[in-house]
Amino acid sequence: MGFWHLGRPLLWRDELATWSATSRSLGHVWGLLGNVDAVSGAYYIFLHGWTAVFGDSAVALRTPSVLAVGLAAGLTAALGKRLFGARAGLWAGLLFALVPAVLRYAQEARSYGMVTAAAVLATWQLVRVLDCKPEWSRRRMRLEWLGYAGALVLTGLLHLVALAVLASHLWLVWTRRRRAWRGLLAATVLALAVLSPLLIAGRAESGRQINWIQRPNLLAFPGMVHDLTFAWPVSIALLVLALVACTSRDGLRFLPVPFLPIVVVWIASQGSNSYWVERYLLFTVPLWTVLAGAGAERLPRGRWAAPVAVVVVAALGFTSLKDQSGPWSHTGTDWRTAARTISTGFRPGDAMVPERGGASVYMLDLGLDYYLPAKVHPKDLFLARTAVARDDLMATECAVPTACLDGAPRLWVVTFGHARDPLAGLPQPEQAALRAHYTVVGIDHVKGLTVGLLTLS
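A quick note: this is a predicted structure, and the numbers were derived from the prediction, not measured.

Conventions we followed
For every chain, the first residue of the written sequence is number 1, and numbering continues from 1 along that sequence. Reporting in this predicted model follows two pLDDT cut-offs: at least 70 for local features of residues, and 80 or more for side-chain atom pairs to be given and counted; totals over whole chains, interfaces and linings ignore these cut-offs and use all residues. For side-chain calculations, the full set of non-hydrogen atoms in the structure is used, while hydrogens and water are omitted. Sulfur atoms of two cysteines make up a disulfide when they are within 2.5 Å. Accessibility here uses a 1.4 Å probe with only protein chains present; expressed as a share of the type maximum, an area under 20% marks a residue as buried, one over 50% as exposed, and anything in between as partly exposed. Throughout, an axis means a line fitted to C-alpha atoms (over the contacting stretch in the case of helices), and angles, computed between N-to-C directions, take values from 0 to 180 degrees. Secondary structure elements are taken from DSSP: a helix is a run of H or I of four residues or more, a strand is a run of E of two residues or more, and numbering for both begins at the N terminus. With respect to orientation, any angle under 35 degrees is reported as roughly parallel, any angle over 145 as roughly antiparallel, any angle of 65 to 115 as roughly perpendicular, and every other angle as oblique. Two helices that cross are described as forming a left-handed crossing if the nearer one is turned anticlockwise from the farther one by less than a right angle, and a right-handed crossing if clockwise. Note on definitions: a residue-residue contact is assigned when non-hydrogen atoms from the two residues lie within 4.5 Å. Classification convention: Asp, Glu, Lys, Arg as charged; Ala, Val, Leu, Ile, Met, Phe, Trp, Tyr, Cys, Pro as nonpolar; all other residues, Gly among them, as polar. Pairing of aromatic rings covers Phe, Tyr and Trp, the last through its six-membered ring, and needs centres within 6.5 Å; plane angles under 30 degrees mean stacked, over 60 mean edge-to-face, and all others mean tilted. Our definition puts a charge over a ring when NZ of Lys or CZ of Arg is within 6 Å of the ring centre and also within 35 degrees of the ring normal.

Moving on, we come to the state of the cysteines. Throughout the structure, instances matching the rule amount to one disulfide. Shown here is the disulfide that connects Cys-398 with Cys-404, its sulfur atoms set 1.8 Å apart. On the S-S bond that ties Cys-398 to Cys-404, the torsion sits near -105°, and the link is left-handed. On the basis of relative accessible area, Cys-398 is assigned to the buried category, the value being 14%.

Right under this line is the structure:
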């Protein structure tokens, strides 16, 4: 499912940031992480090596996420098997694969698919240790706990918020094998010690990176129930199956596991920074589908009713699943057609002015850079210092725009939205400089963008 139409959705701004970061040299990637996005460093470094081999097409950028989510589906089934039996595990893995939000992030060049696989791996490894056999030696137990600590480190390297899964792990230890608390404590302390530099760097950069996230109130919980799947019918179906699972002692005992990380993130979001974003909590979806898979198996005449329940969930989510692979499923900004408009009318000597200013975070310049053909690269007229030179994701522009006019005979101005005046989205000093020397001779509107052609007066 993940590979179906993998390259069709246009890249959105976070994926463009991934492309910008991973297309740099390792030295520049390291420099970037010192200023911004340190929490994504492990993912960027991995993808830097991946794209060096497989290229930077949308399919190549997203393939690691597809593979990771496929692994997460298998691990979800393995976790469900260990907790509730083989058939319940099968339903858990299938239900996970049918969640529309899972497909969405399987087809995104960000770390969320990978961190979901890492979090469910850590959970599976913990349950494996808690169900240890009497004949396991002390040395074997230490190695198993070390493996669990390694999975926690991998989870934190990919996304620190996913360490909220530790709340679920604490509950599992409390309810399944309380005397294992020392092993859990030792593994957690070891993992946090290894991750401490990243925790410090992430905290230092958080004010810039996540200051846009709103602090949630209690009414945010129902919204998150929808956002974790992208489809109310799927969310309700999973909750119903989870309630059916709670008719058994094991299901009732497992019920807090999917909730606890969400509650922890909600509490943490009441501080100076908020982390209440559905993609940050994607790692909890396997825990939900494990419980739902157990519920499917407990339905009356479960041998027949369980597969029917899975088919029903697939039907409920079909429209949303289909929508995830549409061209506009990631962004409403048509960088590709804007780039095609410029490349079709391009003449040597042309320059370009992409909207930045307060809209810099929306990566318009990166979107054009990515989709413009290699042989068509108009000079960025007001560019003072590139993002690579700044060790940042955003470039800086000329402080005095008139000083940067170089007599280019034609300019392509690209701004957000649809406007009659293609200069309207630019900062006032840039507008004044261009109006004094150029005349608008053409305007094209594409989805989410205005493309204006100006000639020297």
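Closest axis-to-axis distance for the helix H4 (residues 58–84)/helix H7 (residues 112–130) pair is 8 Å, and the angle between their directions is 25°. Between H4 and H7, the crossing angle belongs to the class labelled roughly parallel. Helix-helix and strand crossings are classified by hand; for H4 and H7 the assignment is left-handed. Where H4 approaches H7, its residues Pro-64, Ala-68, Val-69, Leu-71, Ala-72, Leu-75, Thr-76, Ala-78, Leu-79, Arg-82 and Leu-83 are matched on the opposing element by Gly-113, Met-114, Thr-116, Ala-117, Val-120, Leu-121, Thr-123, Trp-124, Val-127 and Arg-128. Residues belonging to the contact of H4 with H7 are distributed by class as follows: 15 nonpolar, four polar and two charged.

Turning to the packing of aromatic side chains, a few remarks are in order. Under the criterion given, the structure shown has 15 aromatic pairs. Ring centres of Trp-19 and Tyr-370 lie 5.1 Å apart, and the angle between their planes is 85°; on these two criteria the pair is classed as edge-to-face. Of this pair, Trp-19 sits in helix H1 (residues 13–22) while Tyr-370 sits in helix H18 (residues 364–371), placing them 351 residues apart in sequence. Grouping residues by exposure puts Trp-19 and Tyr-370 together as buried. Relative to Tyr-371, the ring of Tyr-370 lies with its centre 4.9 Å away and its plane at 80°, an arrangement referred to as edge-to-face. Summarising the burial analysis for this pair, Tyr-370 and Tyr-371 share the class buried. Taken together, the ring pairs in this structure connect Tyr-105, Tyr-112, Phe-230 and Tyr-280 into an aromatic cluster. It is Arg-140 that lies over the ring of Trp-136; its NZ or CZ is 4.1 Å from the centre.

Any link to function would need more than the numbers given here.
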